[in-house]
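Remarks on the overall topology
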Amino acid sequence: MTGTAFTEAEEFQQIYALDVIQIPPNKPIARVDKDDLIYKTKAGKLKAIAEEVKKYHDKGQPVLVGSGSIANNEEIARYLDQFGLPYEILNAKNNEREAAIIAKAGEKGAITLATNMAGRGTDIKLGKGVKELGGLVVIGSERHDSRRVDNQLRGRGGRQGDPGTTQFFVSCEDDLMRIFQGDRVKMILTRLGVDEDTPIQTKTISKTLEAAQKRIEGFNFDSRKNVVQYDNVINRHRKVVYMIRRKILEGEDIYKEIHRLMVDETKMLTEFSSRVNKNFNEEFKAVFDFDDDLISEIGLKRKEKDREKLALEAVEQAYKLKEDEFTPEIMRKIEREVYLKVLDTLWMQHLENMQHLREGIHWRSVGQRDPLVEYRSESQKLFDGLQRNLREEVLHILLSITPAEARDDNVTDGEEYESELTKMAGKQTERGVNEIQKGEKNLDSEFKKKTPGATGKKAPTKKSKKKSGSKKKSSKKRK
């Protein structure tokens, strides 16, 4: 519910999926919105504002002067001082006091100077006899970057069918005019012999200003939309991590989750045999510290299903021995503590990595790449790395922790601690987490042929090898 959302209807729809419906006012609007007065210089404009305020004050009509910044507000105040006019100046520095002042801005003879933020949400009611004088006069000391802000200032007067007057004072030296052909307008006024105290009133310049406002609004909208699009990426990661964390916190028995990690990890490690992946033994031992003979036996199995089955049986057996060593009840507590510590450490590091990625991703545009698309791609690789590291480190710690470490860490009490177990989790999670630099390799992957062991693609089958061999032979015969 707002009276000025219509100019931002597109943004509400695209970012928040909200439709803007324009409802007619409760009572017909009696307010008079005058055309802008355009002055050659800022000094001439401010002097004219002070004279206009004095004219209405002498008549007894209340005046509200709105400005875009505290500096402009105080500059207007100095011009009013020259005329000896009493006023209240509001710069959004004391909300409670300023709300009480703005509520009295409709009293007879009141002069109020306010920035855009001062007294927001406070209704201005007209004092006794003010309606007969013509209601509240709202003066805009400049056109703002957004039409919505101008409309908010206009809406301070003429509420609920009350009378009122609004007018904006603009100079060729204002920020908005300087950006959009202010110098050209100033040059035309000079040629026409218009001095700084004489205003001009033309709808052509007012329309040009509105067009400039629309352009700035579009630029600001694109900036905000861009921020939302980037935030949506990490928000998806946040939802997944917080869902996992909530699941661990609320469940006393998380063995099913631990067993799922075992299945996923063994499946990934045994995807290729040691014949294809030359680092099979080292990669397997980094997670599961088994005997070298057992690891070699797993790696030499020709079928992937056989490798996976043998590896999973070995992991389950080792985990069963660890559970017997601690008792199932204590093991369930250890599982929760280790999982949460590793997850929290990895998540903090992931947030830091995402920040570094965000800061440098715009350079991808130099290579004719869309930074947002690249950010989504690289962030997904980082998140995949987080999930992989979470799986590896939780299993590694659970299979290597000793009763002495668990006893020293008070794992059975479920209290917060900073000890060997925490340090162990911290050291383990540091391995392989900061992988942003690998993005350079990923960028060129589409132009290079990938080796099966390094990329995750399946190794060539015997049939494909035979076909390639026969092709070589036939080519030799032709020669």
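So, the overall build of the chain
When you go through the chain residue by residue, the secondary structure sums to 20 helices and seven strands. Per-residue burial over the chain gives 41% buried out of 479 residues. Pairs at least 24 residues apart make up 75% of the contacts formed inside the chain by residues separated by at least 6 positions.

Points about the nonpolar core
Of all hydrophobic cores here, the largest spans 40 residues; its most connected members are Ile258, Phe284, Phe288, Tyr339, Val394 and Leu398. Among the secondary structure elements, those contributing two or more residues to this core are α9 (203–250), α10 (255–269), α11 (280–287), α12 (292–300), α13 (304–326), α14 (328–360) and α15 (371–400). Tallying contributions element by element places α14 first for this core, with nine residues. Contact partners of Leu398, with chain neighbours within four places excluded, come to Ile258, Tyr319, Lys322, Met331, Ile334, Glu335 and Val338. Core analysis: the second largest hydrophobic core is formed by 19 residues, Ala48, Val53, Leu80 and Leu113 among them.

With respect to the side chain of Glu335
Take Glu335: it is sitting in helix α14. The buried category is assigned to Glu335, whose relative accessible area is 0%. In this structure, Glu335 is in contact with Ile254, Tyr255, Ile258, Tyr319 and Leu398, ignoring residues within four places of it in sequence.

Quick word on the packing of helix α2 (residues 42–59) against helix α3 (residues 70–82)
Where α2 meets α3, the closest approach of the two axes is 9 Å, and the angle between their N-to-C directions is 60 degrees. Regarding the angle of α2 to α3, the classification is oblique. The handedness of the crossing between α2 and α3 is right-handed. Contact with α2, carried on its side by Lys42, Ala43, Leu46, Lys47, Ala50 and Val53, involves Asn72, Glu75, Ile76, Tyr79 and Leu80 of α3 and no other residues of that element. In the contact of α2 with α3, the residues fall into seven nonpolar, one polar and three charged.

Overview of the side chain of Glu217
Summarising the element assignment, Glu217 is placed in helix α9. Under the relative-accessibility criterion, Glu217 is labelled buried at 8%. Those residues in contact with Glu217 that lie beyond four places of it in its chain are Thr7, Glu8, Asp145, Ser146, Arg147 and Arg148.

As for the packing of aromatic side chains
One pass over the full model with this rule turns up nine aromatic pairs. Their ring planes at 50 degrees and their centres at 5.6 Å tell us that Phe284 and Phe288 sit as a pair that is tilted. For Phe284, a relative accessible area of 0% translates into the label buried. Owing to a relative accessible area of 0%, Phe288 belongs among the buried residues under this scheme. Here the guanidinium or amino end of Arg143 rests over the ring plane of Phe168, the centre of that ring lying 5.2 Å away. Lying over the aromatic face of Tyr230, Arg358 brings its terminal NZ or CZ to 4.3 Å of the ring centre.

Observations concerning the confidence of the model for the chain
Per-residue confidence for the chain averages 81 on the pLDDT scale, and 82% of its residues sit at or above 70. Within the chain, helix α18 (residues 439–443) has the poorest average pLDDT of any element, 38, and strand β6 (residues 136–140) the best, 94. Here residues 414–468 scores under 50 on pLDDT; set against residues more than four positions off or in separate chains, the count is 76 contacts. Here residues 470–479 is modelled with pLDDT under 50, and outside its nearest four sequence neighbours on either side it reaches zero contacts, counting other chains as well.

Notes on the environment of Ile179
Mapped onto the elements, Ile179 comes out in helix α7 (residues 175–179). In this structure, the C-alpha to C-alpha distance between Ile179 and Ala212, residues 33 residues apart in sequence, is 8.6 Å.

What to know about unusual backbone geometry
Phi angles above zero are rare outside glycine, and Ala17 is one such case at about 55 degrees. Summarising the element assignment, Ala17 is placed in the loop between α1 (9–16) and β1 (30–33). According to the relative accessible area criterion, Ala17 is exposed, its value standing at 58%. Backbone geometry at Gln368 places phi at a positive 60 degrees, although glycine is not the residue there. Counting through the fold element by element, Gln368 comes out in the loop between α14 and α15. Take Gln368: its relative accessible area is 73%, and that puts it in the exposed class.

Re the pattern of salt bridges
When the charged atoms of two side chains with opposite charge come close together, those side chains can pair. Applying the stated rule across the entire model yields 27 salt bridges. Asp36 is the salt-bridge partner of Arg143, the closest N and O atoms lying 2.9 Å from each other. Note that Arg143 is positioned in the loop between β6 and α6 (147–154) and Asp36 in the loop between β1 and β2 (37–39), a separation of 107 residues in sequence. Like Asp36, Arg143 is buried. Two residues, Glu335 and Arg332, come together in a salt bridge whose shortest N-O distance is 2.8 Å. Of this pair, Glu335 and Arg332 both sit in helix α14, three residues apart, roughly one helical turn. Given a relative accessible area of 13%, Arg332 falls into the buried group.

Basis of the calculations
- Residues numbered from 1 in each chain as written.
- Predicted model: local features only at pLDDT ≥ 70, side-chain atom pairs only at ≥ 80, totals over all residues.
- Heavy atoms only, no water.
- Helix = DSSP H or I, 4+ residues; strand = E, 2+ residues; numbered from the N terminus.
- Buried < 20%, exposed > 50% of the residue type's maximum accessible area, 1.4 Å probe, protein only.
- Contact = heavy atoms within 4.5 Å.
- Core = buried A, V, L, I, M, F, W, Y, C linked by side-chain atoms within 4.5 Å.
- Axes fitted to C-alpha atoms, helices over the stretch in contact; angles between N-to-C directions.
- Parallel < 35°, antiparallel > 145°, perpendicular 65-115°, else oblique.
- Left-handed = near helix turned anticlockwise from the far one by under 90°.
- Nonpolar A, V, L, I, M, F, W, Y, C, P; charged D, E, K, R; others polar.
- Phe/Tyr/Trp six-rings, centres within 6.5 Å; stacked < 30°, edge-to-face > 60°.
- Lys NZ or Arg CZ within 6 Å of the ring centre and 35° of its normal.
- pLDDT = per-residue confidence, 0-100.
- Salt bridge = Lys/Arg side-chain N within 4 Å of Asp/Glu carboxyl O.

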